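Okay, here's what each chain looks like letter by letter:
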Amino acid sequence: MRTRRKDLLAYASGSIGMGVWVTVPGLLLLYFLTHTLGVSPFLAGLTLLLPKIVDVVVHPLLGSRSDRDARRTGHRRGMMRVGLLLAAVMVAMFTVPAGLSGAPAALWVGGWFIAGNLLFACFQVPYLTTPSDLRIDYHERTRVFMFRMLFLTLGLLGAGVAAPALVAAGERENYARMALLLSGVMVISGVVALTGVRRLTAHAGFRTPGENAHSVRGDLAIAWRDRDFRALALSYLFTGTTTHLFLAALPFYTEYVFGDSGLTAVFMGAFLGPAVFAGPVWTKVSRRIGKQRGLLISQAVFLAGSLAPLLGYGTVPAVAVVVVLGIAFAGLQLFAFSMVPDAVAAAETRGTARAGAYTGVWTATEASGTAIGPYLYAAVLAAGGFVSTTEGRTVVQADSAHTALLIGFTVVPAVLMAAALTFQLRWTLDRSGMPVG
């Protein structure tokens, strides 16, 4: 079965809103906390990390719940509708009352961040399970995810360029206005995606989860015992940690290395712009050499590119390196996500496939990476003696802080990506010629 382009376009549009949520907190929240709200780097890191611990527990629960809903109703769209409330929460998270700074401000942001992550999971888990639900083959799953990654990249690119520009003045009102504007995009894309999911499953067929009763713990055990899925998930944990560390560190890198915070939007454009065109290219690469080799190449390129800033070059070479990282980033996302349905399809041949449960574990892994990356960078800043400040005030950072923010932007991501590559080498499904159909 080949999916229809118009259905794919509607389905993939949901990734625009997802890209907004992934980008805005990942890119700006650490900087917002340390430069506008006066939160110390250590506490800011915890503010980003602790809400994600909730995600690690909740995502597998939602995955199993999604399977139950699919058996009962024949679709997974109910949870996605609840997830549309995420837009209101993002506005609240960035609308910090004027009297709050330091620890109280961190508590406000962290509380809304927890609520936002829960609502994001309600949308994300059933949304990402859709390709596993469809009655399509190995290459068609790559095609579905190519469309999805194209629109995700558009969301990342739009938010990555617009959000820093909208908050360039660094005032609280700018952050609140930015969140209100981008939340409208999230609602529209989510509504269109619901239509796309309905059309895709109606045309390509829907794999209803098995009727046998099972527990969340049993689902987790089955997913973890799957050697290939476990290797893929662990690899993506380190990959996601690396890429989200990059996002969190970028505003610090542009301000303290190049002395121009306005370059954040430029670098995000350089990072994500080429990724829009790289997705279809990576799809052709997949048909030639398979997803596993494509993913390993992407990881190796990102590892090498992470170390390049240690050479101390100027703005133009820096933009060129970021472009290369963006091309690799497109491959990291496309190949990893399109391999999850392959693992589910392989498990189905063994009679153990539970698509929602697998996706729940996967999204929990992704959520962990989004939290650990910024937390690690915040910890490196704290170790280097970085001093936070509030809006309208500047401080002179010590040499150790400058060294820490550069090491955190280069060496730490390279080490993390090396770990991701090591785990990915354990994937076996592609070794005999892409056998997952």
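Criteria and cut-off values
Residues numbered from 1 in each chain as written. Predicted model: local features only at pLDDT ≥ 70, side-chain atom pairs only at ≥ 80, totals over all residues. Heavy atoms only, no water. Helix = DSSP H or I, 4+ residues; strand = E, 2+ residues; numbered from the N terminus. Rg over C-alpha atoms; globule rule 2.2 N^0.38 Å. Buried < 20%, exposed > 50% of the residue type's maximum accessible area, 1.4 Å probe, protein only. Salt bridge = Lys/Arg side-chain N within 4 Å of Asp/Glu carboxyl O. Patch = residues over 30% accessible without salt bridge, like charges linked within 9 Å, V, L, I, M, F, W, Y side chains within 5 Å. Areas by Shrake-Rupley, 256 points an atom, 1.4 Å probe, with all protein chains shown as cover. Contact = heavy atoms within 4.5 Å. 1 Å grid on protein atoms, 1.4 Å probe; cavity = no way out; pocket = protein on both sides within 12 Å on 5 of 7 lines; lining within 4 Å. Points joined across faces, edges and corners; volume = space filled by probe spheres on them. Nonpolar A, V, L, I, M, F, W, Y, C, P; charged D, E, K, R; others polar. Core = buried A, V, L, I, M, F, W, Y, C linked by side-chain atoms within 4.5 Å. Expected span 1.5 Å × (residues − 1). Bend = angle between axes of the 7 residues up to and from the residue. Axes fitted to C-alpha atoms, helices over the stretch in contact; angles between N-to-C directions. Parallel < 35°, antiparallel > 145°, perpendicular 65-115°, else oblique.

Q: So what exactly am I meant to see when it comes to the overall build of the protein here?
A: If you tally the helices and strands in the protein, you get 15 helices and zero strands. For 437 residues, the compact-globule formula gives about 22 Å, and the C-alpha radius of gyration of the protein, at 21 Å, lands near that figure. On the principal axes, the C-alpha backbone points of the protein span a range of 60 × 45 × 40 Å. Looking at the 437 residues of the protein, the share that counts as buried comes to 60%.

Q: Is there a simple way to think about the pattern of salt bridges in this case?
A: It is possible for side chains of opposite charge to pair when their charged atoms get near one another. Inspection of the entire model under this criterion finds two salt bridges. Of the charged contacts in the structure, one is a salt bridge between Asp-7 and Arg-4, with a shortest N-O distance of 2.7 Å. Using a relative accessible area of 0% as the deciding quantity, one classes Asp-7 as buried. Here Lys-291 makes a salt bridge to Asp-342, at a shortest N to O gap of 2.7 Å. Taken together, the positions of Lys-291 in helix α12 (residues 291-307) and Asp-342 in helix α13 (residues 315-349) put the pair 51 residues apart, joining distant regions of the chain. Residue Asp-342 is classed as buried on the basis of its relative accessible area of 0%.

Q: Can you help me understand a nonpolar patch on the surface in this one?
A: A surface patch of nonpolar side chains, amounting to about 370 Å² of accessible area, comprises Leu-307, Leu-310, Ile-407, Val-411 and Val-415. If you tally residues by element for the nonpolar patch, the top one is helix α15 (residues 399-424), at three residues. Examined against the element boundaries, Leu-310 turns out to sit in the loop between α12 and α13.

Q: Teacher, can you tell me more about the environment of Trp-282 here?
A: With respect to the helices, strands and loops of the structure, Trp-282 is situated in helix α11 (residues 263-289). Relative accessible area serves as the criterion here: at 10%, Trp-282 is assigned to the buried category. Separated by 52 residues in the primary sequence, Trp-282 and Leu-334 place their C-alpha atoms 7.8 Å from one another. The residues touching Trp-282, leaving out its near neighbours within four places in the chain, are Gly-294, Ile-297, Ser-298, Ile-327, Ala-330, Gly-331, Leu-334 and Phe-335.

Q: Looking at this structure, how should I read empty space enclosed by the protein?
A: Leftover empty space is mapped by rolling, across the atoms, a probe with the size of a water molecule. Counted by the stated rule, this structure contains eight cavities of 30 Å³ or more. Estimated volume of the largest cavity: approximately 190 Å³. Along the walls of the largest cavity sit 20 residues, with Trp-21, Lys-52, Phe-113, Asn-117 and Thr-370 positioned nearest its centre. Of the residues assigned to the lining of the largest cavity, the class counts are 10 nonpolar, seven polar and three charged.

Q: Whenever I open this one, the nonpolar core confuses me. Can you help?
A: If you look at soluble globular proteins, the nonpolar side chains tend to sit buried side by side. The biggest cluster of nonpolar side chains holds 119 residues, and the ones touching the most others in it are Val-24, Met-90, Phe-94, Tyr-127, Met-178 and Trp-362. By residue number, the principal contributor to this core is α13, which donates 18 residues. The next biggest cluster of nonpolar side chains, apart from the first, holds six residues, and it includes Val-58, Leu-62, Cys-122 and Val-125.

Q: Hey, could you run me through the side chain of Asn-117 in this one?
A: Looking at where Asn-117 falls in the secondary structure, it is placed in helix α6 (residues 102-133). Relative accessible area serves as the criterion here: at 1%, Asn-117 is assigned to the buried category. Discounting chain neighbours no more than four positions away, the residues touching Asn-117 are Trp-21, Pro-51, Lys-52 and Asp-55.

Q: Whenever I open this one, helix α3 (residues 41-73) confuses me. Can you help?
A: Each α-helix winds once per 3.6 residues, and so residues spaced three or four apart point in a common direction. The end-to-end C-alpha distance of α3, which contains 33 residues, comes to 46 Å, matching closely the 48 Å that a straight helix rising 1.5 Å per residue would cover. In the structure, α3 departs most strongly from a straight axis at Val-58, where the bend amounts to approximately 30 degrees and where the proline Pro-60 lies between one and four residues downstream.

Q: What is the right way to read the layout of surface pockets from this model?
A: When its volume is computed, the largest pocket comes out at roughly 450 Å³. Lining the largest pocket we find 28 residues, and of these Tyr-31, His-35, Ala-168, Glu-255 and Ser-261 sit closest to its centre. Put simply, the parts of the chain that give the lining of the largest pocket at least two residues each are α2 (14-35), α7 (138-166), α10 (227-256) and α11. A class-by-class count of the residues in the lining of the largest pocket yields 12 nonpolar, 12 polar and four charged.

Q: Sorry if this is basic, but what is going on with the packing of α11 against α12 here?
A: How two helices sit against one another is set out by the angle between their axes and by the gap between those axes. One can describe the packing of α11 onto α12 by two numbers: an axis separation of 8 Å at closest approach and a directional angle of 145 degrees. Residue-level inspection shows Phe-271, Trp-282, Ser-286 and Ile-289 of α11 in contact with α12, the latter providing Lys-291, Arg-293, Gly-294, Ile-297, Ser-298 and Phe-302. When grouped by side-chain class, the residues that make up the contact of α11 with α12 number five nonpolar, three polar and two charged.

Q: Just checking my understanding: could you explain the packing of α2 against helix α5 (residues 86-94) for this structure?
A: Orientation of α2 relative to α5, taken along the N-to-C sense of each, is 10 degrees, at an axis distance of 12 Å. When the axis of α2 is compared with that of α5, the two are roughly parallel. Mapping the contact onto sequence places Val-20, Trp-21, Val-24, Pro-25, Leu-29 and Phe-32 in α2 and Leu-86, Met-90, Met-93 and Phe-94 in α5. Within the contact of α2 with α5, the residues separate by chemical class into 10 nonpolar, no polar and no charged.

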